[in-house]
Amino acid sequence: MRFSSTIAAAALVASTAAADNYLGFNSGATKADRSAKFKEDWVAEFKTAQGLKNAPGKFNAVRLYTNIQAYAQDDPIEAFEAAIETETYMLLGIWASGTTNIDKELSALNKAIKKYGSKFTDLVIGMSVGSEDLYRNSVTGVTNEAGVGQDPDVLVKFIEQYRKAVADTPLSSVPVGHVDTWDVWGNTTNKVVVDAIDFLGVDEYPYYETGKGNAISNSGQLFDRAYDATIGVAGGKPVWVTETGWPSSGPAWDEAEASVKNAKYYWNEVGCRRLFGKTPTFWYTLRDSNPDNKMQFAITKDLSTTPLFDLTCPTTFETPEASENTASSSGSATKSGSSGSASETGSASAGNSNGEDSTAVQPDGPGSAASGLVASMTATAALAVVGAFFTLL
Ligand SMILES: *[C@@H]1O[C@H](CO)[C@@H](O)[C@H](O)[C@H]1NC(C)=O
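A few points on the structure. Keep in mind that what you see is a predicted model, and the values were worked out from it rather than measured.

Looking now at the pairing of strand 2 (residues 61-64). On strand 2, burial covers both faces: Ala61 and Arg63 on one face and Val62 and Leu64 on the other are all buried. As defined by bridge partners, strand 1 (residues 23-27) adjoins strand 2 across four bridges and the pair is classed as parallel. The partner of Asn26 across the bridge, within strand 2, is Arg63. In this sheet, strand 3 (residues 89-94) lies alongside strand 2 in parallel orientation, the contact comprising three bridges. Within the sheet, the bridge partner assigned to Val62 lies in strand 3 and is Met90. Handedness of the crossover is the feature at issue here: the chain leaves strand 2, passes through helix 3 (residues 79-86), returns alongside strand 3, and the resulting connection is right-handed.

So this is what it looks like as structure tokens:
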């Protein structure tokens, strides 16, 4: 029963890794001018992350989107060497959209295992096969012209191929997940993916939740509802928060305003209150990399270890407890329109994500199709997602 023993081993490691509750940032393969990042770029990022003043923990982890170095066919991404040099833990990623196979991703990964051995594999805390592929294929993603996605069945096939490819390597005991926006996790058609993985990665941006009362004062509640809903459909599997953050500058989005003050509020109310030290968390972000996105999410400028705001966590919080959330949310959610279920639950999310790095790192991709605009959506699309979602709860 090789299959079940693999699952058991993976589950064991998954719980071990979760217990470590790593802190890190997302990091795409390219810079804001779309040029490739190389080893020294990642060394600079990882050093800044680890040296951030007043950080509420050690930010010594990173989430990558691909194993492949930009400008190369199937060479390992140079982030690996930078991680080894700086002792940075890695949630790896395999780019799974717009392709019928993941051969180059697996080839790059295998080269890295051979080249760096346990120096590399000891730092790998997880593998995500895909990033927001289901979102881009969802009604919301299609409405938002979010770009090329992937079918759940193909993702499952890729997950199986990955497991086979690393079966005889130290990575066989590293948990395998998939990262997607919170709303698609509850779509029953996608349950085959939940069944195939060891942990769920969830991307959540209350900032983009049009029509949901997305003023900063409501951001903690919007986050909670989406996060709790994801946990609710995870079947007991760990849920890692793979992208979340609030922009410090850029245009307003419905009731949401981008400012340093609001980015700090979100850091406190979502990061400090709900995530840091409680679940593996990859904040969005340390360094912006999509010139098409008018919203700037980086918590620091030019990789300074002195961030835009004080990272110190407060001891008290403003976000009400979950029971109060429900009561206060129904009013703000009614703006989303016609569906009773969404209005009542108030947890409609916008199926949003800025998709920024995801597109930037797409090895052969267009590079900018999604940008910040993927987050925009019609109320109708939101309600369709939410309607499908809440039938599960
Ligand atoms: C549910 O998931 C399937 C497969 O990913 C997708 O085709 C469909 O559009 C999704 N439904 C909604 C309402 O987004």
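With that settled, the discussion passes to the packing of helix 2 (residues 39-51) against helix 3. With their axes 8 Å apart at the nearest point, helix 2 and helix 3 run at an angle of 40° to one another. With respect to their mutual orientation, helix 2 and helix 3 come out oblique. When you trace helix 2 past helix 3, the crossing you get is right-handed. Packed against helix 2, whose contacting residues are Lys39, Trp42, Val43, Phe46, Lys47 and Gln50, the element helix 3 presents Ala79, Glu81, Ala82, Ala83, Glu85 and Thr86 at the interface. Within the contact of helix 2 with helix 3, the residues separate by chemical class into six nonpolar, two polar and four charged.

With that out of the way, let us pick up empty space enclosed by the protein. Inspection of the entire model under this criterion finds three cavities of 30 Å³ or more. For the largest cavity, the full set of lining residues is Phe25, Ser27, Glu45, Phe46, Ala49, Ala61, Val62 and Leu286. Of all the secondary structure elements, the ones that give two or more residues to the lining of the largest cavity are strand 1, helix 2 and strand 2. A total of three residues in the lining of the largest cavity trace back to one element, the largest contributor, which is helix 2. In the lining of the largest cavity, the residues fall into six nonpolar, one polar and one charged.

Of all hydrophobic cores here, the largest spans 86 residues; its most connected members are Met90, Phe120 and Tyr162. Considering each element in turn, this core owes the most residues, seven residues, to helix 12 (residues 260-275). Filtering out sequence-adjacent residues up to four positions away, Tyr162 remains in contact with Ile94, Ile102, Leu106, Leu109, Met127, Val129, Leu171 and Val176.

Secondary-structure assignment places Trp267 in helix 12. Taking the C-alpha atoms as reference, Trp267 lies 9.5 Å from Thr244; in sequence the two are 23 residues apart. What Trp267 contacts, discounting residues up to four positions off in sequence, is Pro56, Phe59, Cys272, Phe276, Trp283, Ile299, Phe309 and Leu311. Here the side chain of Trp267 touches Leu311 through a polar contact of 3.0 Å, landing on its backbone oxygen.

Quick look at the pattern of salt bridges now. Per the counting criterion, the structure on display carries 18 salt bridges. We note a salt bridge from Arg136 to Asp133, for which the minimum N-O separation is 3.4 Å. Here Arg136 pairs with Asp133, and both are found in helix 6 (residues 133-137), just three residues apart, close to one helical turn. Summarising the burial analysis for this pair, Arg136 and Asp133 share the class buried. Here Arg273 makes a salt bridge to Glu269, at a shortest N to O gap of 4.0 Å. One end of the pair is Arg273 and the other is Glu269, both in helix 12 and four residues apart, which spans about a single turn. Residues Arg273 and Glu269 agree in their burial class; the two are buried. One continuous salt-bridge network, built from bridges that share partners, spans Asp224, Asp228, Glu269, Arg273 and Arg274.

Okay, the site of the ligand next. Contacts to the ligand come from Leu134, Asn137, Ser138, Val139, Pro152, Asn187, Thr189 and Asn190. At 3.0 Å from an oxygen atom of the ligand is found a main-chain nitrogen or oxygen belonging to Val139. For the ligand, the protein covers 74% of the area, taking 360 Å² as the surface of the free molecule. Residue composition of the shell around the ligand, by class: three nonpolar, five polar and no charged.

This paragraph deals with helix 3. What helix 3 keeps buried is the set Ala79, Phe80, Ala82, Ala83 and Thr86. The buried residues of helix 3 occupy an angular sector of 165° when projected down its axis, which confines them to one face. Structurally, helix 3 contributes buried residues whose contacts are with helix 2, strand 2, strand 3, helix 4 (103-116) and helix 5 (118-121). Positive backbone phi, at 50°, marks Glu87, one or two positions downstream of helix 3.

Definitions and limits used
- Here the residue index of a chain counts from 1 through its sequence in written order.
- Only residues with pLDDT of 70 or above have their local features reported here, since the model is predicted, and side-chain atom pairs are shown and tallied only from 80 upward, although totals for entire chains, interfaces and linings are computed over all residues.
- As a rule here, side-chain values come from all non-hydrogen atoms in the structure, and water together with hydrogens is ignored.
- Classification of residues uses two cut-offs on accessible area relative to the type maximum, computed with a 1.4 Å probe and protein chains only: under 20% is buried, over 50% is exposed, and between them is partly exposed.
- Numbering of helices and strands runs from the N terminus; a helix is a DSSP stretch of H or I covering at least four residues, while a strand is a stretch of E covering at least two.
- Paired strands are those between which DSSP finds at least two bridges.
- A clockwise course of the path from the first strand over the helix to the second, judged with the strands pointing away from the viewer, identifies a crossover as right-handed.
- In this analysis an axis means a line fitted to C-alpha atoms, helices contributing only their contacting stretch, and an angle means the value between N-to-C directions, from 0 to 180 degrees.
- Angular relationships are summarised with four words: roughly parallel below 35 degrees, roughly antiparallel beyond 145, roughly perpendicular across 65 to 115, and oblique for the angles in between.
- Crossing handedness is defined as follows: a turn of the near helix away from the far one that is anticlockwise and smaller than a right angle gives a left-handed crossing, while the clockwise case is right-handed.
- Here, two residues are considered to be in contact whenever any of their heavy atoms come within 4.5 Å of each other.
- Each residue is assigned to one class: nonpolar for Ala, Val, Leu, Ile, Met, Phe, Trp, Tyr, Cys and Pro, charged for Asp, Glu, Lys and Arg, and polar for all the others, Gly among them.
- Residues are said to line a cavity or pocket when one of their atoms sits within 4 Å of a point; the points come from a 1 Å grid over protein atoms alone, cavities being sets where a 1.4 Å probe fits but cannot get out and pockets being open sets with protein on both sides within 12 Å along at least five of seven lines.
- Grid points are joined across faces, edges and corners, and a volume is the space filled by probe spheres set on the points.
- The nonpolar core is taken to be a set of buried Ala, Val, Leu, Ile, Met, Phe, Trp, Tyr and Cys residues, with the residues joined through side-chain atoms within 4.5 Å.
- Polar contact is defined as a pair of N or O atoms within 3.5 Å, subject to the rule that within protein one atom must be able to donate a hydrogen and the other to accept it, and that residues adjacent in sequence are counted only when both atoms are side-chain atoms.
- In the sections that follow, a salt bridge refers to a side-chain nitrogen of Lys or Arg positioned within 4 Å of a carboxyl oxygen of Asp or Glu.
- Throughout this document, a residue counts as near a molecule or strand when at least one of its heavy atoms sits within 4 Å of that molecule or strand.
- Here the Shrake-Rupley method, with its probe set to 1.4 Å, supplies the accessible areas, and only the displayed protein chains count as covering residues.
- As used here, the arc is the angular range of directions from the helix axis to the C-beta atoms.

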